[in-house]
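Chain and residue survey
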Amino acid sequence: MTDTVRPGGLEGCGENFFQKGCNPLAQTGRSKLQKQRATLNQQIIKQMRMRAGAENLLKATNNNKVREMVVLELSYVNSNLQLLMEQLEGLNSSVEVYQNSQETANIPLIPLGLKETKEVDFSVPFKDFILEHYSEDGKDFEDEMADLMDLRQACRTPSRSQGGMELLSKYYNHLPLLESRFFSPSRQTGIFFTWYDSFTGVPVCQQNLSLEKASILFNMAALCTQIATRCDRQTAAGLEEAVSSFQQAAGLLSQLREIYTHTPSYDLSPAMLCMLVRMMLAQAQECLFEKSVLRGIRNYFPLLLKMAQEAAQVSETYDQVHQSMIQTPIKDNVPLFWSTMSQVKTQHYRSLAHYFVATALLDHQLSPTDDEDQREKNLSQVYDSLPEGLSPLEILKDGGERRRIGKAHLRRAILGHEEALRVHSLCRHLKKLEVLQQILQASHQRSLLKFSQNNNDDDHFTDYMEAPDIISKTEHRAELELPATAKVKVTDLFWRLGPLSVFSARQRWTAPRTVRLQPVQGELGFTLKGEPPVQVATLEPLGAAARDGLKEGDYIVALGDTACKWMGVSEVMRLLKGVGEEGVDIRVVSMMDSNPAMPAKSATFCGNLPKTYSMICLAYDHDDKSPNTRKVAKKPSFLSWGLKNRLKSASTLSLPTTEPSGTPPWTRAPPPFPSSSSYNDSSLY
C-alpha cells in the first residue's frame, strides 16, 4: 500500500484525502438516520441534565409545595426520556435503510449504527504543551493540528466502503502516536472526548484516549456490518463479501472486548460486546448457508440431510444470540427488534432443517442400487437418538416408519413456521419488513403442501409421534477475522518534534541551550554516538566545548540554523567538518530524571453522575455557532472556554482553498516512521 504525503505531513489514500468522509448533509437514508441519532443524543442529554437538577433540588428542599412541583416535573422529564429512548430504539431497528436496494429474496440482516461524538479542538492544549514541554512555538504546527481535526471530523461520516474503513483505521493508528506525543502520565491535557452510547444515547466523557480509541474501533466494526448488509446476496461474490465483512466486524468487536475492558460506555461493556460478537458470527453463518443454497438444492438424499444440519447450525447460533440478548443487563437496552429477529430466525432455520429431513425420508425409498451402508451412516449422523429404539437401517427399509417419521418432521416444521409468524407479529418494526413476512409465509405454505401430499386419513391414530432433534453441523464455520485495513501504516503528524523514542510526553529534558563550538587544530573536543538524535559520547573536560557548557549525554538538536533531531552521526559529523575557525553555535538538551507518574485520573461523566470537569465540557455546545474560519487562533483557557464563551479556534468543517505560504512541508523528506432431478431455490429454500 502506497501512502501519499499531503501538506502538513498527513498521508492519504490517493487524492482528496479529506473527501473520503460522506457529506453529513447528504439526503440519503443512512445520512438521515445518523442526523436523527445526533439530534436525539442532544435531546437526551438535555433531559438528563434537567432530571439531575430536579433530583438535586428534591434532595435540598424541605418545602412540601416545592417538592410536589419537582416530583411532577420529574415525571414529565422521565416520560420524555422514555419517548426519546424509544425513538433511538426505532433508529437501531431501521435495518431496511442499510440493505441492498436489489434485495427482495433474502431475510434482512442487522447492522450497527455509528457512535456519535462531539467535535474536539486540539489546537490550544497542543500549542501550550509544545511550548511548555518541547520548548518550541506551537504556531509552527498549526497545519498539523488542522489536519488532525479535519481527519477526526471526516471520521464522523465515513463512506460505506473500504475507503471509509481505511479512513477510520488511519485515525485509529494515529491515536497511539498522539498519546505518546501529548498525553503525559503526570498531567492532564484539558482535552475532553465525548461519545454517545449507541443504544441509550447517554453521553460519556473522558480526558484520556481510551474512550476515543474504543469508540473508533466500535465504529470500524459498525461500518463493516453496514458494508455487509449492502452486499448483493443474490451472487456468490456478494455473499462472500458479506461473510468476510461480518467476520471482520466480529474480530474488531472481540479485539475491543479484550483490549478496552474498563470503558464506561454501556455499548462497550464486555457483556454487550460478547453478544454483538455472537450476532455478527451468526449473520456470517447465515450468509454461508445462503451461499450453499444459492444455486438450489438437488433432491438427493445425502445432500438434503447435509443441508438440514447446516440449517440447524444457523438456528443454533441464532438461539445462542437470543439467549444472550434476554440476559440481564443486556435485555434492558437491546432493541426489541433485534431480540425478536433472532428468535424468528431461530424458529425459521430450525423449521427448514426439519423440512429437509422430511423431504429426504418421504421422497427417497431405499432401492437395490443404493449404497445401503452409506445411507445408514448419513441418517445416523443426523440424530442423537432415534424414537422407540429404531435403527437407521430399519427406518430406511420400512416404508411405513420412514413415512411416519417424515411426517413428524413436517409437523415440527409447520409448528416452527407458525411460531416464527407469531413472534413476527409481536414486533411493530418487524411488521414493516414485507420481504421477511413473505419468506416466512412461503416456507409455511410449502411445509403445509408437503404434509397434505403425504397425509392419509388412516394415519390419524398412528402417526402422532415427536420428531427427534437434528444435530447441527457445518463444513464452513464463521470465524473471527481482522480487516486488512487494521494494518494501515501512518506517519507521525508531529514528526518535526523529533524521534518519538526521545521526544515524547513521558520524557523530561532541560530547555535547549546554546553552546559555541570552535575547532582547535581541527579537533572539536568530543565524540558522538547513537541514532537520531545523536548524543555526546565522550568529552574532553578541559576543552572549549566543555567550558562553554557541553556535557556528556547531551542531545544535539540543532547545528547553526539546521535542525538535526533526525540526523544520524555521519550526517552531523559531515556538517561539523564544514565548520571553519570562526566556529558555530549548536543547541543541545540534557535528559532529566522523570518524576514518578501520578495515577492516571480521568474525570468521567456518564448519565447523571455528580458534576465533574467533564460536565463543563458537556455544557459546551459546539453547534450553537458555525465557525467561519479554520485558521488556528489564540483561545482562552479550558475553564473559561467551557464556562464563558463558545468560540472555536479552528473549524474542522471547511477545507483550505490555497496552500500555506512558505516552504511547502511536503518538500521536506520525513524519515520513515516505524509505525438426478433438481429442486430450485424457491422449492426447497
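The rules behind each value
Residues numbered from 1 in each chain as written. Predicted model: local features only at pLDDT ≥ 70, side-chain atom pairs only at ≥ 80, totals over all residues. Heavy atoms only, no water. Helix = DSSP H or I, 4+ residues; strand = E, 2+ residues; numbered from the N terminus. Buried < 20%, exposed > 50% of the residue type's maximum accessible area, 1.4 Å probe, protein only. Areas by Shrake-Rupley, 256 points an atom, 1.4 Å probe, with all protein chains shown as cover. Expected span 1.5 Å × (residues − 1). Salt bridge = Lys/Arg side-chain N within 4 Å of Asp/Glu carboxyl O. Phe/Tyr/Trp six-rings, centres within 6.5 Å; stacked < 30°, edge-to-face > 60°. Lys NZ or Arg CZ within 6 Å of the ring centre and 35° of its normal. Axes fitted to C-alpha atoms, helices over the stretch in contact; angles between N-to-C directions. Parallel < 35°, antiparallel > 145°, perpendicular 65-115°, else oblique. Left-handed = near helix turned anticlockwise from the far one by under 90°. Contact = heavy atoms within 4.5 Å. Nonpolar A, V, L, I, M, F, W, Y, C, P; charged D, E, K, R; others polar. Core = buried A, V, L, I, M, F, W, Y, C linked by side-chain atoms within 4.5 Å. Pairing = 2+ DSSP bridges. Polar contact = N/O pair within 3.5 Å; in protein donor to acceptor, adjacent residues only side chain to side chain. pLDDT = per-residue confidence, 0-100.

**A short note on the overall build of the protein**
Across its full length, the protein carries 20 helices and 15 strands. The buried share of the protein, reckoned over its 685 residues, is 53%. Accessible area for the protein stands at about 31900 Å²; split by element, carbon and sulfur atoms hold 50% of it.

**Things to note about unusual backbone geometry**
For the peptide bond that leads from threonine 328 to proline 329, omega is 5°, which places it in the cis range. Structurally, the position occupied by proline 329 is in the loop between α9 (301–325) and α10 (336–363). In the segment running from proline 532 into proline 533, the intervening peptide bond is cis, with an omega of -5°. Counting through the fold element by element, proline 533 comes out in the loop between β8 (526–529) and β9 (535–539). Its identity is not glycine, yet serine 135 carries a phi of approximately 55°, on the positive side. The residue serine 135 is located in the loop between α3 (123–134) and α4 (142–155) in this model.

**What about α9?**
For α9, built from 25 residues, the straight-helix expectation of 36 Å at 1.5 Å per residue is met to within 8% by its first-to-last C-alpha distance of 37 Å. Within α9, 18 of the 25 residues are buried, which leaves the element mostly enclosed by the surrounding structure.

**Some remarks on the pattern of salt bridges**
Applying the stated criterion across every chain yields a total of 21 salt bridges. In this structure, arginine 496 and glutamate 144 form a salt bridge, with 2.8 Å as the shortest nitrogen-oxygen distance. Of the two residues, arginine 496 is situated in the loop between α15 (434–453) and β6 (508–509) and glutamate 144 in helix α4; the sequence distance between them amounts to 352 residues. When its relative accessible area of 3% is taken as the criterion, glutamate 144 is described as buried. Of the charged contacts, one joins glutamate 401 and arginine 404 as a salt bridge, the two residues approaching to 2.9 Å between their closest N and O atoms. Of this pair, glutamate 401 and arginine 404 are both found in helix α13 (residues 399–425), three residues apart, which corresponds to roughly one turn of the helix. The same class applies to glutamate 401 as to arginine 404, namely buried. Among the ionic contacts, a cluster of salt bridges with common partners joins Arg412, Glu466 and Asp469.

**Some remarks on the environment of leucine 57**
On the secondary structure map, leucine 57 appears in helix α1 (residues 29–60). What makes leucine 57 partly exposed here is its relative accessible area of 41%. Sequence separation of leucine 57 and arginine 67 is ten residues, and the distance between their C-alpha atoms is 8.2 Å.

**Side note on the packing of aromatic side chains**
Using the criterion set out here, one finds 15 aromatic pairs in the structure. Ring geometry for phenylalanine 141 and phenylalanine 494: centres 6.2 Å apart, planes at 35°, overall tilted. Residue phenylalanine 141 is located in the loop between α3 and α4, and its partner phenylalanine 494 is located in the loop between α15 and β6; the two are separated by 353 residues in the primary sequence. Assigned by exposure class, phenylalanine 141 and phenylalanine 494 land together as buried. Here the aromatic cluster, defined as three or more aromatic residues joined through ring pairs, consists of Phe122, Phe126, Phe129, Tyr134, Phe141, Phe182, Phe183, Phe193, Phe494, Phe503 and Trp509. Over the ring of phenylalanine 503 we find lysine 565; its NZ or CZ atom is 4.7 Å from the centre of that ring.

**Here we look at the packing of helix α8 (residues 270–292) against α9**
Orientation of α8 relative to α9, taken along the N-to-C sense of each, is 160°, at an axis distance of 9 Å. The orientation of α8 relative to α9 falls into the category roughly antiparallel. Crossing of α8 over α9 shows left-handed handedness. Along its contact with α8, which presents Met275, Arg278, Met279, Ala282, Gln283, Gln285, Glu286, Phe289 and Ser292, the element α9 presents Met307, Glu310, Ala311, Gln313, Val314, Thr317, Tyr318, Gln320, Val321, Ser324 and Met325. Its residues assigned to classes, the contact of α8 with α9 comprises ten nonpolar, seven polar and three charged.

**A look at the nonpolar core**
In terms of nonpolar packing, the biggest core is built from 135 residues, with Phe126, Leu276, Trp338 and Phe356 touching the most fellow members. Per-element tally for this core: the top contributor is α10, with 14 residues. Counting residues in each nonpolar core, the second largest holds 20 residues, with Leu528, Cys564, Leu576 and Val579 among its members.

**A word on the pairing of strand β12 (residues 584–589)**
As paired elements, strand β7 (residues 513–517) and β12 share five bridges and run antiparallel to each other. Bridge pairing in β12 places arginine 516 opposite aspartate 585. Sheet topology places strand β10 (residues 555–559) next to β12; four bridges connect them, and they run antiparallel. Paired with alanine 558 across the bridge in β12 is arginine 587.

**Some points on the side chain of threonine 346**
Of note, threonine 346 is situated in helix α10. Within the structure, threonine 346 has its side chain in polar contact with the backbone nitrogen of aspartate 319 (distance 3.2 Å). When near neighbours in sequence (up to four residues on either side) are disregarded, threonine 346 contacts Ser315, Tyr318 and Asp319.

**Some points on the pairing of β8**
Across the two faces of β8 the burial differs, with Phe526 and Leu528 buried and Thr527 and Lys529 not buried at all. Of the strand pairs in this sheet, β8 and β9 are connected by four bridges, and their pairing is antiparallel. Bridged to phenylalanine 526 within β9 is leucine 539. Between β8 and the antiparallel strand that follows it, β9, lie five residues; glycine 530 among them carries a positive phi value of about 85°.

**Overview of the side chain of glutamine 248**
Secondary-structure assignment places glutamine 248 in helix α7 (residues 236–259). By relative accessible area, glutamine 248 is classed as buried at 11%. Sequence-distant contacts of glutamine 248, that is, excluding residues within four places in its chain, are made with Cys224, Glu481, Leu482 and Pro483.

**Quick notes on the confidence of the model for the protein**
Per-chain confidence: the protein averages 79 in pLDDT, with 77% of residues scoring 70 or above. Confidence over residues 596–603 falls short of pLDDT 50; this stretch has 16 contacts with residues more than four positions distant or in other chains.

**Focus on α15**
Within an α-helix, residues lying three or four positions from one another point in the same direction, as the helix has 3.6 residues per turn. Compared with an ideal rise of 1.5 Å per residue, which puts 20 residues at 28 Å, α15 spans 29 Å between its outermost C-alpha atoms and is within 8% of the ideal. Those residues of α15 not exposed but buried are Val435, Leu436, Ile439, Leu440, Ser443, His444, Arg446, Ser447, Lys450 and Phe451.

**Examining the packing of α9 against helix α11 (residues 372–380)**
One way to put it is that α9 packs onto α11 with a least axis distance of 10 Å and a crossing angle of 15°. Classified by the interaxial angle, the pair formed by α9 and α11 is roughly parallel. Here α9 runs over α11; the crossing is left-handed. Residues Phe301, Pro302 and Leu305 of α9 pack against Arg375, Asn378 and Leu379 of α11. Taken together, the residues that form the contact of α9 with α11 break down as four nonpolar, one polar and one charged.

**With respect to the environment of tryptophan 338**
Turning to its location among the elements, tryptophan 338 is positioned in helix α10. Along the sequence, tryptophan 338 and methionine 325 sit 13 residues apart, while their C-alpha atoms lie 8.4 Å from each other.

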